[in-house]
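Residue-level listing of the chains:
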Amino acid sequence: MKTVRSMVLISNDPKSKANASQEVIAAFKLAIKNLELTDEVAVSTIPEIGMVRNLPLVVIFPEATVYAPVKPEDVPQLVEEHLFKGREVPDLKEKDPDTLRKIAWLTQRKGTLPAENRIALRNVGIIDPESIDDFFAYEGGQAFATALQMTPDLVVEIIKASGLRGRGGAGFPAGIKWDSVRKTPGKKKYVICNADESEPGTFKDRVIMEGDPFSIIEAMLIAAYAIGSDEGYIYIRGEYQLALDRVQKAIQQTREYGGLGKNIFGSGFDFDIHIHAGAGAYICGEETALLESIEGGRGEPRVKPPYPTTSGLWGKPTLINNVETFANIPPIVLNGAQWFKSFGTPSSPGTKVYTILGNVNNTGLIEVPMGITLREVINIYGKGIKGGQFKFAQTGGSSGSIIPASLQDTPMDFDSYRKVGVALGSGALLICNDSNCIVDSVRVLARFFQEECCGKCVPCRVGTDQAWKILTNISEGRGTMEDIAHLEWLSKGLEDFSNCGLGQTAGAPIKNMLDHFRAELEAHIKLGVCPTGVCPMS
Amino acid sequence: MEENLTQSIPTIDELKQEISLILQETEKDRESLIPILHKLTQRFGYISSQALYEISAQTSIPLAEVFSVATFYRMLPTQQRGRHVILFCESLPCHVVGGRELFQALKAELQLEPGETSKDQKWTLLTTSCLGVCNFGPVISIDGNIHGHLTPESLPEILNKYE
């Protein structure tokens, strides 16, 4: 299979359809087939393009050249000149500055394809996840072999230089974590892979574990070598039976090959991995709760500091990284930090795996460079909103933020999102159209936190319960204006006084609602109606 | 995982024997407590109070701690359940694609509220947070098998497949 080098995006909104966009799409497919470019050129559509005069509009990447309006009879010439011979067709290019400004969100990724860049998912769906031989055939194990040639300090330096940030939600720089564990004195150290993925809407880690379990083992080997550890754990969510089976098989096969155990491949380096199956508790994804759970106790988060990097599993220095973070390690070691930094934004290099869900035409999993916008995700990958208009997106499962439509052009990376007061979270993008009620949605989120709160600290135990009850009251038409003040106070209190990440982020959806959707909330109380007709209001 | 559960209430001797069998394979330390409880759940479908007592006696972990750990985790039930356990995903991704209507239909169809078991011991209805198959929402899990893209109309057909 050849790699896709160009991508053609064709507008296919109702107005374009009226101007024969369907015929244009068919003509493109035919012309590409005639010139035998099918493997090299991808064709995709944009269901919503906004108020643009000349339609249908065609954008060809990576040059981001805009052609409009394109007629079916223009297509053979376009394909032959631009895609086959590599020459732009000046006569057909869109020159109207107003249009070019309006579709800047489409053309801003000049130089790249709006296709996916797969790093963490590089082997998923390509290799047989139950065959280590297949893994070796796709560069498997080479990164570990490369790392063994380096000093552990150099490995840590590479990860640090790559700027890789934790993909579990918080975005903490992975290299700094590795460095901290490496520098903490101690004979016994642990490497833990956090695969307790339970953020609603997130299933990227499941896909990686089910599709490419060997890469996780390889990354843990590299991490263990770098920090000086000889024992590791993978904490997999109990509900993920297939992932548990696959990782178990992968560990067994690696062990049979001599890739785990004593004196690995004659290098004098020892490392082995245990699997711990979770037992159904969201909170165990919090790193210190996860440690408590491995030790055989209730999954209640510890007070930090001390951080796990200095005092983790059984009090020993422990490195805990998310599955997706680990999946990025072998390519970084193999290709270098500079290569990794060529993806994404300066502050958040690399790619991110997102799950696209909710009211879009195409749901699923994508891996794209950091820094693309929600608008791009919805229109290019999600193939547009299903029914109605885009109202808000919910990122990162329940501990993410609610992103109103007004922020859909903010680049999605850790720092740009923080600047506008929202969070990227773990990579779920739940896209909601205008038939969803904000109060109802936040109530469901509050219910989730109330249910999953471990009960250890009072602010979270009482706060999440109060928030849920108040929101239920409002959605049933019993809300008062004092409730809004109370919610404001609760969301602040949860953030300031809770012990762990669950409580600290439980107030975030409430805060986002108050910031961006206050009018809709007040309508429930002052007018006694739910504007979208979702809440019972009885 | 919950497919091979036997529904008859185990006798104390059966429990004792099963627990000592499990303990032959694992260490008796604190770290093994959750794996032991997992295995008992797989074997009997739930962890009875006698089972908790026996684990405590055979591992020397205090009963209060065994109880506190078992009751903390959702997948370690301490109450007997029906022959088929339905987990309904009540997280937002399923909620916005029709989960709300589906839950009303499910409750009406089974005549159960969440947490209840039907009188004939056929169904137990439980709510759960995300099952990690959100692109097929709304989703329910019956005995560990996932059914996705459900609607109130397609629900009875699925439920009728279970005896």
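Residues numbered from 1 in each chain as written. Chains lettered and ligands numbered in written order. Predicted model: local features only at pLDDT ≥ 70, side-chain atom pairs only at ≥ 80, totals over all residues.

### A short note on the overall build of chain B
Helix and strand counts for chain B come out as six helices and four strands. Its helices and strands taken in sequence order, chain B reads α-α-α-α-β-α-β-β-β-α from the N to the C terminus. Principal axes of the C-alpha set define a box for chain B whose edges measure 50 × 30 × 25 Å. Split into buried and exposed, the 163 residues of chain B put 35% on the buried side. In chain B, 66% of the contacts between residues at least 6 apart in sequence involve partners at least 24 apart. (Helix = DSSP H or I, 4+ residues; strand = E, 2+ residues; numbered from the N terminus. Buried ≥ 20, exposed ≤ 12 C-beta atoms within 10 Å, placed from the backbone. Contact = placed C-beta atoms within 7 Å.)

### Digging into the domain arrangement of chain B
Domain boundaries in chain B define domain 1 (12–72) and domain 2 (84–160). For domain 1 of chain B versus domain 2 of chain B, the separation of C-alpha centres amounts to 30 Å. (Domains from an automatic or database assignment.)

### Remarks on the sheet that holds strand S1 (residues 84–89) of chain B
All names here are of chain B. Strands sit in the order S2-S1-S3-S4 across an open sheet of four strands; the sheet is mixed. The open sheet has two free edges, formed respectively by strand S2 (123–128) and strand S4 (145–147), since each of these has just one partner strand. Neighbour to neighbour, the strand axes of the sheet diverge by 25° on average, direction disregarded. The pairing of S1 with S2 spans six bridges and is classified as parallel. Opposite Phe88, over in S2, you have Thr127 as the bridge partner. (Pairing = 2+ DSSP bridges. Axes fitted to C-alpha atoms, helices over the stretch in contact; angles between N-to-C directions.)

### Concerning the confidence of the model for chain B
Residues and elements named next belong to chain B. Residue-level pLDDT values for chain B average 87, and 95% of them are 70 or greater. The least confident element of chain B is helix H1 (residues 12–25), whose mean pLDDT is 86; the most confident is helix H4 (residues 63–72), at 94. Across the interface, the model reports ipTM at 0.89; the global pTM reads 0.87. (pLDDT = per-residue confidence, 0-100.)

### Let's talk about the sheet that holds strand S4 (residues 65–67) of chain A
The pairing of strands in a sheet happens through backbone hydrogen bonds and is either parallel or antiparallel. Residues and elements named next belong to chain A. One open sheet holds the four strands; their spatial order is S2-S1-S3-S4, and the pairing between them is mixed. Of all the strands in the sheet, the pair left with one neighbour each is strand S2 (41–46) and S4. Recorded for the sheet is a direction-independent mean angle of 20° between the axes of neighbouring strands. With four bridges connecting them, strand S1 (residues 6–11) and strand S3 (residues 58–61) associate as antiparallel partners. Paired with Val8 across the strands is Ile60, a residue of S3.

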